[in-house]
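Working through the structure, step by step
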Amino acid sequence: MTALNRVPSLMARAGTASALTIAAVGGSIVVPGLASEASAATTATKALQIAASKKGAPYQWGATGPRRFDCSGLTLYSFKKAGKKLPRTAAAQYNKTHHIPAGSRKAGDLVFFHSGSNVYHVGIYAGKNKIWHAPKTGDVVRLQKIWTKSVWYGRVS
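Keep in mind it's a predicted model, so treat the numbers as computed, not measured.

Here we come to the pairing of strand E6 (residues 151-155). Where strand E1 (residues 98-100) meets E6, three bridges bridge the pair, whose relative direction is antiparallel. From the neighbouring strand, Ile 100 faces E6, where its bridge partner is Tyr 153. Alignment of strand E2 (residues 110-115) against E6, held across four bridges, turns out to be antiparallel. Paired with Val 111 across the strands is Tyr 153, a residue of E6.

What follows is the structure, given as structure tokens:
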């Protein structure tokens, strides 16, 4: 039995449960007025988990999954499975996201690599300065440290 499945029985035994107790065992909390932010966070988290589940999938230019990916194909696939539509290329995905400063980045945000104004690569931020991405021909989907400061961040809304 998972922690999430135990929440109802824990609540029944205790009679009530605090928000911290519910969160600690993996439950969810509904807060009025925060539905859109909560669903956005859930979508981003799902997309991140989907990208991570593709670890080891081979890079193939132009591929959008489910077994092979290029960089924007992985982000497109991951967000589509999580319930959000993205355009096909890294540059078009950048133009479609809500641009955010590095200090506001969260797991599930997109990380866009650029040279000047040209976006040439995209990955999904995993936290701790790392991304899930499909790097290049001959490589596989993997978790990697961000290797440059020439990045922009975008949030899928």
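So, about the sheet that holds strand E4 (residues 130-133). Strands sit in the order E1-E6-E2-E3-E4-E5 across an open sheet of six strands; the sheet is antiparallel. Each having just a single partner strand, E1 and strand E5 (142-145) make up the two edges of the open sheet. Strand-to-strand twist of the sheet, defined as the mean angle between neighbouring strand axes without regard to direction, takes the value 45 degrees.

What follows deals with a positive patch on the surface. Taken together, the side chains of Lys 80, Lys 81, Lys 85 and Lys 96 define a basic patch exposed on the protein surface. As for its placement among the helices and strands, Lys 85 is situated in the loop between helix H4 (71-82) and helix H5 (90-96). What makes Lys 85 exposed here is its relative accessible area of 74%.

So, on to the packing of aromatic side chains. Inspection of the entire model under this criterion finds five aromatic pairs. Between Phe 69 and Tyr 77, the aromatic rings sit 5.2 Å apart at their centres with planes inclined by 70 degrees, giving edge-to-face as the arrangement. Across the pair, exposure class does not vary: Phe 69 and Tyr 77 are buried alike. Each ring, one from Phe 113 and one from Trp 147, has its centre 4.4 Å from the other, and the planes form 15 degrees; the classification is stacked. Note that Phe 113 is positioned in strand E2 and Trp 147 in the loop between E5 and E6, a separation of 34 residues in sequence. Note on Phe 113: relative accessible area 0%, which makes it buried.

Rules used throughout
- Residues numbered from 1 in each chain as written.
- Predicted model: local features only at pLDDT ≥ 70, side-chain atom pairs only at ≥ 80, totals over all residues.
- Heavy atoms only, no water.
- Pairing = 2+ DSSP bridges.
- Helix = DSSP H or I, 4+ residues; strand = E, 2+ residues; numbered from the N terminus.
- Axes fitted to C-alpha atoms, helices over the stretch in contact; angles between N-to-C directions.
- Patch = residues over 30% accessible without salt bridge, like charges linked within 9 Å, V, L, I, M, F, W, Y side chains within 5 Å.
- Areas by Shrake-Rupley, 256 points an atom, 1.4 Å probe, with all protein chains shown as cover.
- Salt bridge = Lys/Arg side-chain N within 4 Å of Asp/Glu carboxyl O.
- Lys, Arg positive; Asp, Glu negative; His and termini not counted.
- Charge placed at Lys NZ, Arg CZ, Asp CG, Glu CD.
- Buried < 20%, exposed > 50% of the residue type's maximum accessible area, 1.4 Å probe, protein only.
- Phe/Tyr/Trp six-rings, centres within 6.5 Å; stacked < 30°, edge-to-face > 60°.

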